Amino acid sequence: MHENGNVLPPLKLSDHTIQAVLWQQNAAEYRALSYQAFNIAQLRLDQFLKEKDGKGKKAAIITDIDETVMDNTPSSVKNIEENQEFSEEEWAQWVHQEKATEVPGAAKFLNYAKAKGVEIFYVSNRVTSAEEATIQNMKTLGFPYADKAHLLFRGDQSSKKERFEQVNATHDVLLYLGDNLSDFSHRFEVPSTKKRNAAADDLESEFGNRFIVLPNPIYGDWETKGIFKGKYNWTAKEKDSLRRAQLKSYH
Ligand SMILES: [Mg+2]
């Protein structure tokens with residue numbers, strides 16, 4: 001009961017994502033930002049390959065998968081329709097349908113890199129049981145290196161630090177691509193909006209340089225580690241309050 005005696009309508013569990021999903025699925029601005037990211041990636045790749053001049057280890061790119069090269073927004077819509085939050089069950093169901101589409105410009109860029117002799121490693125927090133479905137989906141989209149040797153999915157750790165080190169041991173990693181800043185540095189894996197923003201400020205010169213960022217306003221560490229402070233057992237009502245409390249207005 002509300003304090004004035006009215007019963008509040010039940011909280012819709014994923015309605016807060018509607019505007020973000022609408023934007024990602026419909027805005028020409030989303031496509032433009034994706035193209036911008038891959039255009040810059042190509043410019044930087046050419047530059048770094050020239051500087052490398054065939055020396056050192058084999059050149060590689062490390063890229064994230066979800067919302068970096070593959071679009072999973074129908075899964076977010078399903079959660080809105082079913083009035084549910086993100087769940088491993090729904091996600092697995094989506095992944096195994098192999099219906100993810102390409103983030104605009106991704107396949108063209110990845111194939112450009114391959115043609116330049118650069119190996120692509122997909123460092124993703126998809127689970128290993130999703131490997132086969134992911135490879136099939138990637139092949140349909142025409143992504144290069146869609147094979148087990150180039151997919152580094154999560155084991156018991158969500159941090160990508162060890163998997164990055166694994167690739168760096170054998171390759172010169174020229175670029176990192178991602179939609180979540182933990183796709184670039186473990187420095188963003190802190191449960192604080194303030195600290196994540198401070199790390200972004202520190203690394204200012206890396207963005208559009210070695211780090212190529214794709215837009216994702218729907219989900220990510222900005223929400224789980226930032227808005228929800230790294231705590232996973234908030235109730236839906238508490239989450240709603242936290243969201244509202246962290247909006248900045250004016251007086
Ligand atoms: Mg991602």
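These remarks concern the structure in this document. Owing to the predicted nature of the structure, the values given are computational and were not obtained by experimental measurement. (Residues numbered from 1 in each chain as written. Predicted model: local features only at pLDDT ≥ 70, side-chain atom pairs only at ≥ 80, totals over all residues. Heavy atoms only, no water.)

## A short note on the packing of helix H1 (residues 18-26) against helix H2 (residues 28-52)
1) Next: For the pair H1 and H2, the least separation of the axes is 5 Å and the interaxial angle reads 65°. Judged on the interaxial angle alone, H2 and H1 are roughly perpendicular. H1 and H2 meet at a crossing whose hand is right-handed. Contact with H1, carried on its side by Trp 23, Gln 24 and Asn 26, involves Ala 28, Glu 29, Tyr 30 and Leu 33 of H2 and no other residues of that element. (Axes fitted to C-alpha atoms, helices over the stretch in contact; angles between N-to-C directions. Helix = DSSP H or I, 4+ residues; strand = E, 2+ residues; numbered from the N terminus. Parallel < 35°, antiparallel > 145°, perpendicular 65-115°, else oblique. Left-handed = near helix turned anticlockwise from the far one by under 90°. Contact = heavy atoms within 4.5 Å.)

## A look at H2
1) Next: The end-to-end C-alpha distance of H2, which contains 25 residues, comes to 36 Å, matching closely the 36 Å that a straight helix rising 1.5 Å per residue would cover.
2) Next: For H2, the set of buried residues is Tyr 30, Ser 34, Ala 37, Phe 38, Ala 41, Leu 45, Phe 48 and Lys 52.
3) Next: Of the residues flanking the end of H2, it is Asp 53, one or two places downstream, whose phi is positive at about 55°. (Expected span 1.5 Å × (residues − 1). Buried < 20%, exposed > 50% of the residue type's maximum accessible area, 1.4 Å probe, protein only.)

## Considerations on unusual backbone geometry
1) Next: A positive phi angle, close to 55°, is found at Asp 53, a residue other than glycine.
2) Next: Residue placement: Asp 53 occurs in the loop between H2 and strand E1 (58-63).
3) Next: Overall, the relative accessible area of 52% leaves Asp 53 in the exposed class.
4) Next: Unlike most non-glycine residues, Lys 229 shows phi in positive territory, near 55°.
5) Next: For Lys 229, the location among the structural elements is in the loop between helix H9 (221-227) and helix H10 (236-245).
6) Next: For Lys 229, a relative accessible area of 45% translates into the label partly exposed.

## Overview of the coordination of the magnesium ion
1) Next: Summarising the metal site, the magnesium ion is bound by the protein donors Asp 64 (OD), Asp 66 (O) and Asp 179 (OD), whose distances to it range over 2.1 to 2.2 Å.
2) Next: Counting along the primary sequence, the residues that act as donors to the magnesium ion give the motif D-x1-D-x112-D. Here Asp 179 lies in the loop between strand E6 (171-178) and helix H8 (193-202) and Asp 66 lies in the loop between E1 and strand E2 (70-71), a separation of 113 residues in the sequence. Each member of the pair, Asp 66 as well as Asp 179, carries the same accessibility label: buried. (Donors = N, O, S within 2.8 Å, 3.2 Å for Na, K, Ca; no water.)

## Considerations on helix H6 (residues 131-140)
1) Next: Listed in full, the buried residues belonging to H6 are Glu 131, Ala 133, Thr 134, Ile 135, Asn 137 and Met 138.
2) Next: Taken together, the buried residues of H6 touch E2, helix H4 (88-96), strand E4 (119-127) and strand E5 (151-154).
3) Next: One or two steps after H6, the chain reaches Gly 142, where phi turns positive at roughly 80°.

## Focus on the environment of Asn 168
1) Next: In this fold, Asn 168 is placed in helix H7 (residues 161-170).
2) Next: A relative accessible area of 28% places Asn 168 in the partly exposed class.
3) Next: It is 9.8 Å that separates the C-alpha atoms of Asn 168 and Ala 59, two residues lying 109 residues apart in sequence.
4) Next: Sequence-distant contacts of Asn 168, defined by excluding residues within four places in its chain, comprise Lys 57, Val 173 and Tyr 176.

## Points about the pattern of salt bridges
1) Next: Taken as a whole, this structure holds 16 salt bridges when the rule is applied.
2) Next: Taking the shortest distance from any N to any O, the salt bridge between Lys 55 and Asp 53 comes out at 3.1 Å.
3) Next: Residue class for Lys 55 comes out exposed when judged on its relative accessible area of 54%.
4) Next: In this structure, the salt-bridge partner of Lys 148 is Glu 132, at a minimum N-O distance of 3.7 Å. Highlighted residues: Lys 148 in the loop between H6 and E5 and Glu 132 in helix H6, separated in sequence by 16 residues. (Salt bridge = Lys/Arg side-chain N within 4 Å of Asp/Glu carboxyl O.)

## Concerning the pairing of E1
1) Next: Burial analysis of E1 places 5 of its 6 residues in the buried class, the great majority of the element.
2) Next: Both E1 and E6 contribute to a ladder of 6 bridges, which runs parallel. Residue pairing for E6: Thr 63 is matched across the bridge by Leu 177.
3) Next: Strand direction decides the pairing type here: E1 and E4, joined by 4 bridges, are parallel. The residue bridging Ile 62 from the neighbouring strand is Phe 121, located in E4. (Pairing = 2+ DSSP bridges.)

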